[in-house]
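If you want the building blocks of each chain, they are given just below.
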Amino acid sequence: MTREEFRAQCDAEEAAFNRELEWRQITRKLEALYGAVRAGDSTAYTRQRITRLEALQQALMGFPGALTA
């Protein structure tokens, strides 16, 4: 394995790790917001935050067009 191949492999692994961390963080935030909605929070701000976070998850799953909606 050449140095360039090794660096490319390390970069790909780091990117995958960072996506996993971001996914977990977004999921925790969404779970808290869903809990707030179940508890009676029906504000527009909460709905907007949920929509934005769900769009971020869609983008992480390979649908970047979700961010424009």
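As the structure is a prediction and not an experimental result, all values here were calculated from the model.

What to know about the nonpolar core
Turning to step 1, where the next piece is worked out: Counting residues in each nonpolar core, the largest one holds 5 residues, listed as Ile 26, Leu 30, Leu 33, Ile 50 and Leu 53.
Turning to step 2, where the next piece is worked out: With 3 residues, the top contributor of residues to this core is helix H1 (residues 3–38).
Turning to step 3, where the next piece is worked out: Ignoring any residue separated from it by four or fewer positions in sequence, one finds Leu 30 in contact with Ile 50, Leu 53, Glu 54 and Gln 57.

Some remarks on the side chain of Gln 57
Turning to step 1, where the next piece is worked out: Mapped onto the elements, Gln 57 comes out in helix H2 (residues 44–60).
Turning to step 2, where the next piece is worked out: In this structure Gln 57 touches Trp 23, Ile 26, Thr 27 and Leu 30, once residues within four positions along its chain are discounted.

Re the side chain of Thr 46
Turning to step 1, where the next piece is worked out: Along the chain, Thr 46 falls in helix H2.
Turning to step 2, where the next piece is worked out: Residue classification places Thr 46 among the buried residues on the basis of a relative accessible area of 4%.
Turning to step 3, where the next piece is worked out: At 2.9 Å, the side chain of Thr 46 and the side chain of Thr 43 are in polar contact.
Turning to step 4, where the next piece is worked out: Sequence-distant contacts of Thr 46, defined by excluding residues within four places in its chain, comprise Leu 33, Val 37 and Asp 41.

Let's talk about H1
Turning to step 1, where the next piece is worked out: Taking 1.5 Å as the rise per residue, H1 with 36 residues should run 52 Å; its terminal C-alpha atoms sit 52 Å apart, in good agreement.
Turning to step 2, where the next piece is worked out: Among the residues of H1, those classed as buried are Ile 26, Leu 30 and Leu 33.
Turning to step 3, where the next piece is worked out: Residues of H1 that are buried make contact with H2.
Turning to step 4, where the next piece is worked out: Immediately downstream of H1, the backbone of Gly 40 shows phi near 115°, a positive value.

Some thoughts on the pattern of salt bridges
Turning to step 1, where the next piece is worked out: Within the structure shown, the criterion is met by 1 salt bridge.
Turning to step 2, where the next piece is worked out: As a salt-bridge pair, Arg 24 and Glu 20 come within 2.8 Å of each other at their nearest N and O atoms. Within this pair, Arg 24 and its partner Glu 20 are both found in helix H1, separated by 4 residues, close to a single helical turn.
Turning to step 3, where the next piece is worked out: Arg 24 gets classed as partly exposed once you look at its relative accessible area, which sits at 47%.

How each quantity is defined
Per chain, residue numbering runs from 1 following the sequence as it is written. Where totals are concerned, whole chains, interfaces and linings use all residues; where local detail is concerned, this predicted model gives features only for residues with pLDDT of at least 70, and gives and counts side-chain atom pairs only at 80 or more. The side-chain quantities take in all heavy atoms of the structure and omit both hydrogens and water. Here, nonpolar core refers to any group of buried Ala, Val, Leu, Ile, Met, Phe, Trp, Tyr and Cys residues whose side-chain atoms link them within 4.5 Å. Burial classes follow relative accessibility: with a 1.4 Å probe on protein chains only, a residue under 20% of its type's maximum area counts as buried, one over 50% as exposed, and anything between as partly exposed. Each helix corresponds to a stretch of at least 4 residues labelled H or I by DSSP, and each strand to a stretch of at least 2 residues labelled E; elements are numbered beginning at the N terminus. Pairs of residues are marked as contacts when any of their non-hydrogen atoms sit within 4.5 Å. Here a polar contact is recorded for every N or O atom pair within 3.5 Å, except that within protein the pair must consist of a potential hydrogen donor and a potential acceptor, and residues adjacent in sequence are included only if both atoms are side-chain atoms. By this rule the span expected of a helix is its residue count minus one, scaled by 1.5 Å. Note on definitions: salt bridges are taken to be side-chain nitrogens of Lys or Arg within 4 Å of carboxyl oxygens of Asp or Glu.

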